[in-house]
Amino acid sequence: MELKTVELTKQYGKKKAVDCMNITLTEGVYGLLGANGAGKTTLMRLLCALQRPTGGRVLLDGQGIGSLGEEYRGLLGYLPQGFGYYPNFRAIDFLLYIAALKGLEGKAAERKARGLLEEVGLSREAKHRIRTFSGGMKQRLGIAQAMLNDPRILILDEPTTGLDPKERVRFRNLISAFSKGRIVILSTHIVSDVESIAERILVMKSGRIVHCGRPGEITSEIRGQVWECAIPAEQADRYVAQMNVSNLRNERDGRTVLRVIAGDKPMPNAELAEPNLEDLYLYYFREQDTGGGQVRERDSLAAASGAAPGHRASRDNGAPAAEGLSGEASGCGRDGEWKGGDVR
Amino acid sequence: MRKLMGYELRKLFGRRLTQAALLAAVLFSALFTVSTYQNKYASYGGRQASGGEAVALDKEVAARYAGELTDEKVRQMMDELAPKSGPQGLNAIYLYQNAMQSAVTARFSDMYGNWNGLRVAEVFGEEISIGYVDGWLSASRDMEKSFLFLSFAILIMLAPVYSGEYGGVDNLILASRYGRTKCASAKALAGILAAVLVTAGMLACNVGAAYLLYGREGLDCSILFAPLALTEGYIPFNITCGALLGYQALLSLTGAVCTAGVGLVLSAACRTPMIAVVASAAVHIVPTLLPVAESSPLFRLLALLPVYQMQFEALMSLGQLKAGMPYAVLALPVSAGILAVGYALSRRIFAAHEVA
Ligand SMILES: Nc1ncnc2c1ncn2[C@@H]1O[C@H](COP(=O)(O)OP(=O)(O)OP(=O)(O)O)[C@@H](O)[C@H]1O
Ligand SMILES: [Mg+2]
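The model shown is predicted, which means the values in this text are computed figures rather than measured ones.

### Remarks on the coordination of the magnesium ion (ligand 2)
Around the magnesium ion (ligand 2), the protein contributes the donor atoms Thr41(A) (OG1) and Gln81(A) (OE1), which lie 1.9 to 2.1 Å from the metal centre. Here Thr41(A) is found in helix H1 (residues 40–47), whereas its partner Gln81(A) is found in the loop between strand E6 (76–79) and helix H4 (91–101), with 40 residues between them in sequence.

In structure tokens:
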């Protein structure tokens, strides 16, 4: 099974929420990381045929999903971000309704719905009305409805929103067990949610996939750019304002240890640290808070390599910021195209 | 499909606003019925009565003259019932004593309460059967008002059928296998079925109440020999009360399904139920606000729209077709057309809906 986007674009007025995206997804779990407004939800809706692209297509095994219609939607499970529900429905009735929409009826639907309620830890609340549910319980119900039809393609938009740590672990286990032989895409802002279960991470920015790779590998791009340095605690605010700080830890001796992402050694006592996904995320999205100084630097690198702004330049143009990012080895084509299948 | 329709019906009738609107329609209907009944007045042979006693008195008078209307009977009624003009010179036609008296003076009296010289054949053109029709005709009038109210309740009920999903559940429905196909159809069918059910329910309640209050007398009598208020500008051709109720039932049902057709389209096209209610109510009521006289040929077209079907009297007043059928039967093909377009268009709009 191969889900592919071809120059997929969705534009709202002048705003390109998804910008000429070419990705190919094969079986596996994909973590879609991106800041607010990066275009994750829009991309997912396009993949679910809930919105019509302004340009480009989505293909399943070479066929347009529009023309596949029911056949495609029969393979699909979708948890929307902040989904709607019927407050007066009981949880089990809600699932049975969605099951009916998915073509499941009778005993099979009942069995499946009850099984999923069990799996998301809501079996005791099966007969409770949804309006009495907490945010996290509703979210778990949403996860359950997405999985009712054993979807081959499961698309979850910020599935861990509102889940407590125990439920997050349960969710991760559920998805890990479920994902075999399927395409699972989950978007999040919370890096730790996808770090352990996603086989591949897609970093989305301004409607484009700017980075992709296995969780352990893709951080290598910023290896040599993550520093830890101790400063007097009272100076912390000043440094945080000036630098791309991914973490800040107060020590007992009155000093603060900053974790800084910077191309050059930020201060004489700085020591190199092993980058993690959070650092990578910050590396891409920090400029939205700091006014774009870094994006200009990075975009100028991208421009120098001939890639469009927002694209990452590929490794062979020699730009240091692109280290380890692109090229066929990591699955990202030079034009920003990324072939999930190639990563394997 | 049946399962999906079941869910849609459950959603439809589960909404508080729908329940409130339907309850209001029922209460209004009950109010009309009760107040009409309590306001009944009759005086005969020195006796005066109101409410149920007036009904009994009217029936007693009607029983004396029931049967075929002849010139002989007209003269007898004029002698026995017709009041003479009062001291203020009030037109005798407008003096009301009881239903039979009002019926005979409406047709056969001059302003002084004397026979106007017209014969039965001249007034009605054919033989008619008379009796106690005031009860059924009053009930029919009340039903018209009730159905007008009900048509708005139907629009309130159907407004969220599609637009109610646009608040977020559309994401789930439209991404599901049958969301754009069977579910869209089930919604439209459930909406139409719900409209028919509530209309049939209202009809049954009203007819039942009329039967209890006025009895079954008069169903085979002509509507033409009725008190003045049900003579001027009323349905001008001879049918029995029973047939009248049949046409009213038919037109209220056709009115309900085409009201549903319009309501469903606007539900699918509007972003929120509130906008859908306002839009569909406006579309529904607009024909009655147009400056078109009832004598104008354009009115003959307007009268076929759902709002007039639900009110029925204006449409029935447009006379008969050449074949002797009421002009109002044209509402049937019109309704079928509106229903078909409403069904197809609403599900199409929903199926093509893009989530926002
Ligand atoms: N219906 C819409 N009309 C206009 N602009 C829209 C619409 N939906 C999304 N956008 C814009 O498209 C861009 C991408 O939005 P999208 O919701 O896809 O982002 P996201 O990555 O899911 O963000 P978040 O993390 O906050 O959920 C944003 O700039 C947003 O303002
Ligand atoms: Mg989003």
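Picking up where we left off.
### Some remarks on the packing of helix H11 (residues 241–269) of chain B against helix H16 (residues 331–351) of chain B
Residues and elements named next belong to chain B. At their nearest, the axes of H11 and H16 sit 8 Å apart, and the two run at 25° to each other. Taken together, the axis directions place H11 and H16 in an arrangement best described as roughly parallel. You can see that H11 and H16 cross each other, and the crossing is left-handed. Where H11 approaches H16, its residues Leu250, Leu251, Thr254, Val257, Cys258, Gly261, Val262, Leu264, Val265, Ala268 and Ala269 are matched on the opposing element by Ala331, Leu332, Ser335, Ile338, Leu339, Gly342, Leu345, Ser346, Ile349 and Phe350. A class-by-class count of the residues in the contact of H11 with H16 yields 16 nonpolar, five polar and no charged.

### Observations regarding the domain arrangement of chain B
In many analyses, interface size is given as the accessible surface area lost on bringing the parts together. Residue and element names in this part refer to chain B. Here chain B is partitioned into domain 1 (2–37 + 134–351) and domain 2 (41–129). Centre-to-centre separation of domain 1 and domain 2, based on C-alpha positions: 36 Å. Residue-level contacts link 17 residues of domain 1 with 23 residues of domain 2. Together, the buried faces of domain 1 and domain 2 total about 1,500 Å²; carbon and sulfur atoms form 65% of this surface. Where domain 1 touches domain 2, the interface holds one salt bridge. In this structure, the salt-bridge partner of glutamate 217 is lysine 59, at a minimum N-O distance of 3.4 Å. The interface formed by domain 1 and domain 2 contains five residue pairs in polar contact (both at pLDDT 80 or more). Looking at side-chain class alone, the side of domain 1 that touches domain 2 contains nine nonpolar, four polar and four charged residues.

### A few points about the site of ligand 1
All names here are of chain A. Around ligand 1 there are 14 residues in total, and Gly37, Lys40, Thr41, Thr42 and His189 lie nearest to it. Across the complex, the protein chains shield 68% of the 630 Å² of accessible surface that ligand 1 would expose by itself. Only strand E2 (15–25) and H1 provide two or more residues apiece to the shell around ligand 1. The element that contributes the greatest number of residues to the shell around ligand 1 is H1, accounting for three residues. A class-by-class count of the residues in the shell around ligand 1 yields four nonpolar, seven polar and three charged.

### Remarks on the domain arrangement of chain A
All names here are of chain A. Looking at the assigned domains, one finds that chain A contains domain 1 (3–218) and domain 2 (222–304). With centres defined by C-alpha atoms, the gap from domain 1 to domain 2 works out at 33 Å. Taken together, the contacts link 15 residues of domain 1 with eleven residues of domain 2. For the pair domain 1 and domain 2, the summed buried area comes to about 1,100 Å², and 67% of that belongs to carbon and sulfur atoms. It is Ala35, Val191 and Lys205 in domain 1 that bury the most area against domain 2; as a group they hold 44% of the surface buried on that side. At the boundary of domain 1 with domain 2, the tally comes to zero salt bridges. For the pair domain 1 and domain 2, the number of links is zero residue pairs in polar contact (both at pLDDT 80 or more). Contributing elements (two or more residues each) for the side of domain 1 that touches domain 2: strand E3 (28–34), helix H8 (191–195), strand E9 (200–205), strand E10 (208–213) and helix H9 (215–218). Residue composition of the side of domain 1 that touches domain 2, by class: nine nonpolar, four polar and two charged.

### Structural notes on the packing of helix H3 (residues 51–65) of chain B against helix H4 (residues 71–81) of chain B
Residue and element names in this part refer to chain B. At a minimum axis distance of 11 Å, the contact between H3 and H4 shows a crossing angle of 140°. On H4, the residues touching Val61, Arg64 and Tyr65 of H3 are Lys73, Gln76, Met77, Glu80 and Leu81. Per-class residue counts for the contact of H3 with H4 are four nonpolar, one polar and three charged.

### Overview of unusual backbone geometry
Residue and element names in this part refer to chain A. The phi dihedral of alanine 49 is positive, around 60°, even though this residue is not glycine. Here glutamate 158, not a glycine, exhibits a phi torsion of approximately 50°, which is positive. Tracing the chain through its elements places glutamate 158 in the loop between strand E7 (153–157) and helix H7 (165–178). Glutamate 158 sits in the buried class, given a relative accessible area of 10%.

### Quick look at the packing of aromatic side chains
One pair of aromatic rings is described through two measures. These are the centre distance and the angle between the planes. Counted by the stated rule, this structure contains 15 aromatic pairs over all chains. Where Tyr37(B) meets Tyr214(B), the ring centres are 5.7 Å apart and the plane angle is 70°; that geometry is what we call edge-to-face. You can see Tyr37(B) sitting in helix H2 (residues 16–38) and its partner Tyr214(B) sitting in helix H10 (residues 182–214), a full 177 residues away along the chain. Taking the relative accessible area as the measure of exposure, Tyr214(B) reaches 1% and is therefore buried. Feature note: the residues Tyr86(A), Phe89(A), Phe94(A), Tyr97(A) and Tyr7(B) constitute an aromatic cluster, connected by ring pairs. The ring of Phe178(A) carries the charged tip of Arg182(A) above its face, separated from the ring centre by 4.0 Å. Taking the ring centre of Tyr178(B) as reference, the NZ or CZ of Lys182(B) above it sits at 4.2 Å.

### A short note on the confidence of the model for chain A
Across chain A, pLDDT averages 80, with 83% of residues at or above 70. Every residue in residues 289–344 of chain A is under pLDDT 50, and counting partners more than four places away or in other chains gives 105 contacts.

### Some words on the interface of chain A and chain B
With 29 residues of chain A at the interface, the matching set in chain B holds 29 residues. Between chain A and chain B lies a buried interface of about 2,700 Å² when both sides are counted; carbon and sulfur atoms form 56% of it. Of all residues in chain A, the largest losses of buried area upon contact with chain B belong to Leu50(A), Arg73(A) and Leu101(A), amounting jointly to 25% of the total for that side. One salt bridge connects Lys10(A) with Glu354(B), and the closest N-O pair in it is separated by 2.8 Å. One can count 16 residue pairs in polar contact (both at pLDDT 80 or more) joining chain A with chain B. Sorting the residues of the side of chain A that touches chain B by element identifies helix H3 (70–73), E6 and H4 of chain A as the ones contributing at least two each. Among the elements that make up the side of chain A that touches chain B, the one with the highest residue count is H4(A) (seven residues).

### As for a nonpolar patch on the surface
Residues and elements named next belong to chain B. On the surface, Phe13, Leu193 and Leu197 cluster together into a nonpolar patch covering about 230 Å² of accessible area. As for its position among the elements, phenylalanine 13 is in helix H1 (residues 2–14). In this structure phenylalanine 13 comes out as partly exposed when scored by relative accessible area, which is 30%.

### A word on the sheet that holds E3(A)
All names here are of chain A. Across the sheet, which stays open at both edges, the six strands sit in the order E6-E7-E8-E3-E9-E10 with mixed pairing between neighbours. The open sheet has two edge strands with one neighbour each: E6 and E10. With strand direction ignored, the average angle separating the axes of adjacent strands in the sheet is 15°.

### Side note on H4(B)
All names here are of chain B. Looking at H4, one finds that the buried residues are Lys73, Val74, Met77, Met78 and Leu81. Angularly, the buried residues of H4 cover 135° about the axis, an arc narrow enough to put them on a single face. Facing away from the buried side of H4, by more than 90 degrees, are the exposed residues Glu72 and Asp79. On the buried face of H4, the contacting elements are strand E1 (41–44), H3, strand E3 (67–68), helix H5 (99–108), helix H6 (120–124) and strand E4 (129–130).

Reading the values: rules and limits
- Residues numbered from 1 in each chain as written.
- Chains lettered and ligands numbered in written order.
- Predicted model: local features only at pLDDT ≥ 70, side-chain atom pairs only at ≥ 80, totals over all residues.
- Heavy atoms only, no water.
- Donors = N, O, S within 2.8 Å, 3.2 Å for Na, K, Ca; no water.
- Helix = DSSP H or I, 4+ residues; strand = E, 2+ residues; numbered from the N terminus.
- Axes fitted to C-alpha atoms, helices over the stretch in contact; angles between N-to-C directions.
- Parallel < 35°, antiparallel > 145°, perpendicular 65-115°, else oblique.
- Left-handed = near helix turned anticlockwise from the far one by under 90°.
- Contact = heavy atoms within 4.5 Å.
- Nonpolar A, V, L, I, M, F, W, Y, C, P; charged D, E, K, R; others polar.
- Domains from an automatic or database assignment.
- Buried area = accessible area lost by both parts, 1.4 Å probe.
- Salt bridge = Lys/Arg side-chain N within 4 Å of Asp/Glu carboxyl O.
- Polar contact = N/O pair within 3.5 Å; in protein donor to acceptor, adjacent residues only side chain to side chain.
- Near = heavy atom within 4 Å.
- Areas by Shrake-Rupley, 256 points an atom, 1.4 Å probe, with all protein chains shown as cover.
- Buried < 20%, exposed > 50% of the residue type's maximum accessible area, 1.4 Å probe, protein only.
- Phe/Tyr/Trp six-rings, centres within 6.5 Å; stacked < 30°, edge-to-face > 60°.
- Lys NZ or Arg CZ within 6 Å of the ring centre and 35° of its normal.
- pLDDT = per-residue confidence, 0-100.
- Patch = residues over 30% accessible without salt bridge, like charges linked within 9 Å, V, L, I, M, F, W, Y side chains within 5 Å.
- Pairing = 2+ DSSP bridges.
- Arc of directions from axis to C-beta.

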